[in-house]
Amino acid sequence: MERDVAIIGVGMIPWGRYPDPKNPTAYPERTMPEMAVEAIKRALEDAKISWRQVEAMVAGVYLWVSQQAGVHGILSGTAIANLMGYTGIPIVSVANACATGQSILREAVLAVASGECDIALAVAADKSAFGFFRPQSTDAKADIDYIRFVMCGETNPAYWAMECRRRMYEAGTTEEDLALVKVVTSKPAPHNPYARYQRTFTLEEVLKSPMVCDPLRLLMICSTSDGAAAVVVCEYEKAKKICKKPVYINAVTVGTPSFGDPTVRLTYTSSFKKPGVPTLSESRNAVQRVYKMAGLTPDKIDVIELPDNSSWHYFAYLDCILNLDPGEPEKMLRQGDLDPITGKIPVCPSGGIGAFGEAVVAQGLAQVCELVWQLRGEAGQRQVKKDLRHALAQTYGYAGNNAATILSKGW
Amino acid sequence: MNGEALIKKEKKKVPIVEGLFTWPSDKPALIAARCKKCGAIVFPKAAYCPNPDCEKDPGNMEVIELSRRGKLWSWTIQRYSPPPPFKMEPFKPYAIGLVDLPEGIRVLGMLATTENLRCDMEVELTVGKLYEDGENEYITWMWKPVEDVSKK
Ligand SMILES: [Zn+2]
């Protein structure tokens, strides 16, 4: 990059439902732009700068626009600026499904790295739809997602379950392994004030939860949530002057699939397979690119935030991130190597998406917030018990959209 | 026409979305497109070859019928009803599978049964009803296990 970039402030609001009738004080009625404003306030306070000092903003576009937010959902950036107060800065709104959070971080970083400005803000808020996600149109000609849904009845967990069953068939993953993911990732959840489910789960509870899509049970699948997060980035030399613990951005990128990948991605009904092209190529492409940009290898990563949308994802993304064969992450989990706090390679010290419920477009930034707190040593009782140098975050890849980020201590 | 006649009359089977498989047919096949230059196949059919190295000329894409038999790569059972626009009346848990066809394409689809499914078993294309009204039954493509003739 032309100029180095660091994170000088992060902020998020607790994940949940806004409003939550059971707890209206903590979870009042909030629109998505209002949730974004709350996250921005916290990030600016953390960075000790004012809104006027922000020179560019990139906003995530809500995925459920047609159901909830209309045009203001698509043009989310200016809808948020309308609440913050217009200052004339460049603002862009970006839709990249689950990868949105780190896609907008990338855009903010590029604005600073290119020299367009010194301080930029990435913000995303989402009120993710309840229950099974569905197509956003009923047009069979224009929307292949509609065809997939009405002709095949394939929900997101159904797709995950098919991948999971094949993994069990080929790599010997057991039902107990799938349950163990929830048990282990929920360990730090009681210590994360931003998590929606601040509790742990036992193996028995997970194995007795209702079957949703065989072999995936309810507690092996994440729920959906409302949430918002914001990250302030700054040119590195300036960041060192105005911030005690700037978090250096080694790399952030977006990954898309390779032609010939056998994965039949959500929203699609087929794939054309080419020999030698791996599955989940959008994830492998993103991860390999951040390693290359950062000049690092998987063994140099000290802590990981990954998208545990289901127990299958947890294992599949570890294959991609650590370059493992299916079956190896399962073994590491059983041995305790992946414990979120005490593991050799702690995974999801935030409690993961299992503890949050996915707020789709904001989730990638929530991962970055957690890694910033971990690197700064501010994660309290969920602070990872090892010396952290490099931290990696990876998002999920709905419909072939993926993103990854590597961060390190910049002080 | 009296009520009795209506009941006896066999309802017309209508694809929920037209043009995805050959119909009416005793041996329905999925309709896809294949690139004449590189052999890449897309289902449903598309105007352009998905190969990044192929020219984007709709004239290269020919409409083909896919093999009716393949191998079940994996499957699941959807235990709860998806929200609209999915429609199945009455709802009952159904299986969904991913099927590898000899042409090198993997295709999604519901399965005609939830029983005795296993990875890599041979399956064949059929159709099945999801719902009906006074006149029609509304159908989609489904995969059904091929009977093991040797065991008969
Ligand atoms: Zn071609």
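What you see is a predicted model, and the numbers here were worked out from it, not measured in a lab.

The rules behind these values
Per chain, residue numbering runs from 1 following the sequence as it is written. Chain letters and ligand numbers both follow the written order, the letters beginning at A and the numbers at 1. A pLDDT threshold of at least 70 governs which residues receive local features in this predicted model, and a stricter bar of 80 or more applies before side-chain atom pairs are shown or counted, although totals over entire chains, interfaces and linings include all residues. The basis for the side-chain values is all heavy atoms of the structure; hydrogens and waters are excluded. Counting from the N terminus, the helices are DSSP H or I runs at least four residues long and the strands are E runs at least two residues long. A 1.4 Å probe rolled over the protein chains alone gives each residue an accessible area, and that area as a share of the maximum for its type sets the label: buried under 20%, exposed over 50%, partly exposed in between. The donor set covers N, O and S atoms within 2.8 Å of the metal, switching to 3.2 Å for Na, K and Ca, and it leaves out water, so a site may look short of donors. In these descriptions, tetrahedral denotes four donors with every angle between 85 and 135 degrees, square planar four donors and octahedral six donors with opposite donors over 155 degrees apart and the rest between 65 and 115, and irregular any other case. Each Phe, Tyr or Trp ring (for Trp, its six-membered ring) is paired with any other whose centre lies within 6.5 Å, and the angle between the two planes then decides the class: stacked below 30 degrees, edge-to-face above 60, tilted in between. Only heavy atoms enter the contact rule, under which two residues are in contact if any of them lie within 4.5 Å. As used here, buried area is the combined drop in accessible area, with a 1.4 Å probe, of two parts when they are placed together. Salt bridges are counted wherever a side-chain nitrogen of Lys or Arg sits within 4 Å of a carboxyl oxygen of Asp or Glu. We call two N or O atoms a polar contact when they sit within 3.5 Å, provided that within protein one can donate a hydrogen and the other can accept it, with sequence-adjacent residues counted only if both atoms are side-chain atoms. For the purposes of this section, nonpolar cores are sets of buried Ala, Val, Leu, Ile, Met, Phe, Trp, Tyr and Cys residues that join through side-chain atoms within 4.5 Å. Segmentation into domains, and thus their bounds, comes from an automatic or database assignment. Should DSSP find at least two bridges between two strands, the strands are taken to pair. Put simply, the grid is 1 Å and covers the protein atoms alone, a cavity is a trapped set of points that fit a 1.4 Å probe, a pocket is an open set with protein on both sides within 12 Å along at least five of seven lines, and lining residues have an atom within 4 Å of a point. Grid points are joined across faces, edges and corners, and a volume is the space filled by probe spheres set on the points. Each residue gets one label: Ala, Val, Leu, Ile, Met, Phe, Trp, Tyr, Cys and Pro are nonpolar, Asp, Glu, Lys and Arg are charged, and the others, such as Gly, are polar. Helix axes are fitted only over the stretch in contact, all axes being lines through C-alpha atoms; the angle between N-to-C directions runs from 0 to 180 degrees. Here roughly perpendicular refers to angles of 65 to 115 degrees, roughly parallel to angles under 35, roughly antiparallel to angles over 145, and oblique to all remaining angles. Patches were defined on residues exceeding 30% relative accessible area and lacking a salt bridge, with like-charge contacts within 9 Å and nonpolar side-chain contacts (Val, Leu, Ile, Met, Phe, Trp, Tyr) within 5 Å. Method for areas: the Shrake-Rupley scheme with a 1.4 Å probe, in which residue coverage is limited to the protein chains shown. We call a pair of cysteine sulfur atoms a disulfide when they lie within 2.5 Å.

*Asks:* Could you give an account of the overall build of chain B, with specific residues and numbers?
*Replies:* A count of helices and strands for chain B gives one helix and nine strands. Each helix and strand of chain B, placed in order from N terminus to C terminus, yields the pattern α-β-β-β-β-β-β-β-β-β. In terms of principal-axis extent, the alpha carbons of chain B reach across some 60 × 40 × 35 Å. Among the 152 residues that make up chain B, the fraction classed as buried is 49%.

*Asks:* Could you give me a rundown of the coordination of the zinc ion, with the residues and numbers involved?
*Replies:* Residues and elements named next belong to chain B. Those donors, Cys35 (SG), Cys38 (SG), Cys49 (SG) and Cys54 (SG), are the protein atoms that reach the zinc ion, and they lie 2.2 to 2.4 Å from it. The coordination sphere of the zinc ion comprises four donor atoms, whose angles at the metal cover 102 to 118 degrees; the geometry is tetrahedral. Take cysteine 49: its relative accessible area is 3%, and that puts it in the buried class.

*Asks:* Give a detailed account of the packing of aromatic side chains, specifying residues and quantitative values.
*Replies:* All names here are of chain A. Taken as a whole and judged by the stated rule, the model has 14 aromatic pairs over all chains. Consider the rings of tyrosine 317 and tyrosine 396, whose centres lie 6.3 Å apart with planes at 90 degrees: the pair is edge-to-face. In this pair, tyrosine 317 is assigned in helix H12 (residues 311-322) and tyrosine 396 in the loop between strand S11 (390-394) and strand S12 (402-409), connecting sequence segments 79 residues apart. The residues tyrosine 317 and tyrosine 396 share a single accessibility class, namely buried.

*Asks:* I'd like to hear about the interface of chain B and chain A, residue by residue, with values.
*Replies:* With 47 residues of chain B in contact, the opposing surface of chain A contributes 38 residues. Roughly 3,600 Å² of surface becomes buried between chain B and chain A when both sides are summed, with 65% attributable to carbon and sulfur atoms. Summed over the three residues of chain B that lose the most area to chain A, namely Pro85, Arg106 and Leu108 of chain B, the buried surface amounts to 17% of that side. Salt-bridge contacts for arginine 79 of chain B lead to aspartate 214 of chain A; the nearest nitrogen and oxygen are separated by 2.5 Å. Joining chain B to chain A, the criterion identifies 19 residue pairs in polar contact (both at pLDDT 80 or more).

*Asks:* For the nonpolar core, give the residues involved together with the corresponding values.
*Replies:* With 160 residues, the main nonpolar core has Ile7, Met151 and Val233 of chain A together with Leu66, Trp141 and Trp143 of chain B as its most contacted residues. In terms of residue count, H12 of chain A provides more of this core than any other element does, nine residues in total. Taken domain by domain, the makeup of this core includes at least three residues from each of domain 1 (5-128 + 225-248) and domain 2 (144-222 + 250-409) of chain A. One finds Tyr18, Met32, Met35 and Val232 of chain A within the second-largest nonpolar core, a separate group that totals 38 residues.

*Asks:* Explain the pairing of strand S4 (residues 119-127) of chain A to me, using residue names and the numbers behind them.
*Replies:* Within a regular strand, the side chains alternate between the two sheet faces. Residues and elements named next belong to chain A. Extensive coverage of S4 is indicated by the burial of nine of its nine residues. Burial along S4 is two-sided: Ile119, Leu121, Val123, Ala125 and Lys127 facing one way and Ala120, Ala122, Ala124 and Asp126 facing the other are all buried. Here four bridges tie strand S2 (residues 56-60) to S4, and the two strands are oriented parallel to one another. When the sheet's bridge partners are listed, alanine 59 is paired in S4 with valine 123. Two strands pair when backbone bridges link them, and S4 and strand S7 (residues 226-235) are joined in this way by nine bridges, in the antiparallel orientation. Across the sheet, residue alanine 124 finds its bridge partner in S7, namely alanine 229.

*Asks:* Describe the layout of surface pockets, naming the residues involved and giving the relevant values.
*Replies:* Volume-wise, the largest pocket comes out at about 810 Å³. In terms of lining residues, the largest pocket is bounded by 30 residues, among which Ile144, Tyr268 and Ser270 of chain A together with Val42 and Phe43 of chain B are the most central. Residue assignment for the lining of the largest pocket shows that the elements contributing at least two residues are helix H6 (144-152) and strand S9 (270-272) of chain A together with strand S3 (41-42) of chain B. For the lining of the largest pocket, the leading source of residues is S9 of chain A, giving three residues. Tallied by class, residues from the lining of the largest pocket come to 17 nonpolar, eight polar and five charged. Around the second largest pocket sit 29 residues that line it, and Leu218, Ile221, Cys222, Ser223 and Thr224 of chain A are the ones nearest its centre.

*Asks:* Before we move on, can you summarise the packing of helix H8 (residues 175-185) of chain A against H12 of chain A with the specific residues and values?
*Replies:* Relative placement of two packed helices is described by the angle separating their axes and the distance separating the axes. Residue and element names in this part refer to chain A. Remark: H8 packs on H12, axes separated minimally by 8 Å, with the N-to-C direction vectors making an angle of 90 degrees. Considered as vectors, H8 and H12 are oriented roughly perpendicular to each other. Seen from H8, the contacting residues are Asp177, Leu178, Val181 and Thr185; seen from H12, they are Ser311, Tyr314 and Phe315. Residues belonging to the contact of H8 with H12 are distributed by class as follows: four nonpolar, two polar and one charged.

*Asks:* Outline a nonpolar patch on the surface, listing residues and values.
*Replies:* A grouping of Val71, Ile74 and Leu75 of chain A is seen on the molecular surface, where their side chains present a nonpolar patch of about 280 Å² in accessible area. On the secondary structure map, isoleucine 74 of chain A appears in helix H3 (residues 70-74).

*Asks:* Give a description of the domain arrangement of chain A that names residues and reports values.
*Replies:* All names here are of chain A. Its domain assignment divides chain A into domain 1 (5-128 + 225-248) and domain 2 (144-222 + 250-409). Each of domain 1 and domain 2 has a C-alpha centre, and these two points are 23 Å apart. With both sides pooled, the region where domain 1 packs onto domain 2 buries about 3,300 Å², and carbon together with sulfur makes up 67% of that total. For the domain 1 face of the interface with domain 2, the top three residues by lost area are Trp15, Cys98 and Gln102, together amounting to 24%. At the surface where domain 1 touches domain 2, the tally comes to one salt bridge. The salt bridge partner of aspartate 46 is arginine 376, with a shortest N-O separation of 2.7 Å.

*Asks:* Tell me about the state of the cysteines, and please be specific about residues and values.
*Replies:* Residue and element names in this part refer to chain A. Within this structure, the stated rule accounts for zero disulfides over all chains. In this structure cysteine 213 is not part of a disulfide, and its nearest cysteine sulfur, from cysteine 164, lies 11 Å away. Using a relative accessible area of 0% as the deciding quantity, one classes cysteine 213 as buried. Cysteine 348 carries a free sulfur, and the closest cysteine sulfur to it, the one in cysteine 222, is 11 Å from it.

*Asks:* Please give an account of the environment of valine 232 of chain A that cites residues and values.
*Replies:* All names here are of chain A. Note on placement: valine 232 falls in strand S7. On the basis of relative accessible area, valine 232 is assigned to the buried category, the value being 0%. Between the alpha carbons of valine 232 and proline 21 there is a distance of 32 Å; along the sequence they are 211 residues apart. If we skip the residues at most four places from it in the chain, valine 232 touches Ala6, Ile7, Ile8, Gly9, Ala43, Leu44, Ala47, Ile49, Ile119, Ala120 and Leu121.

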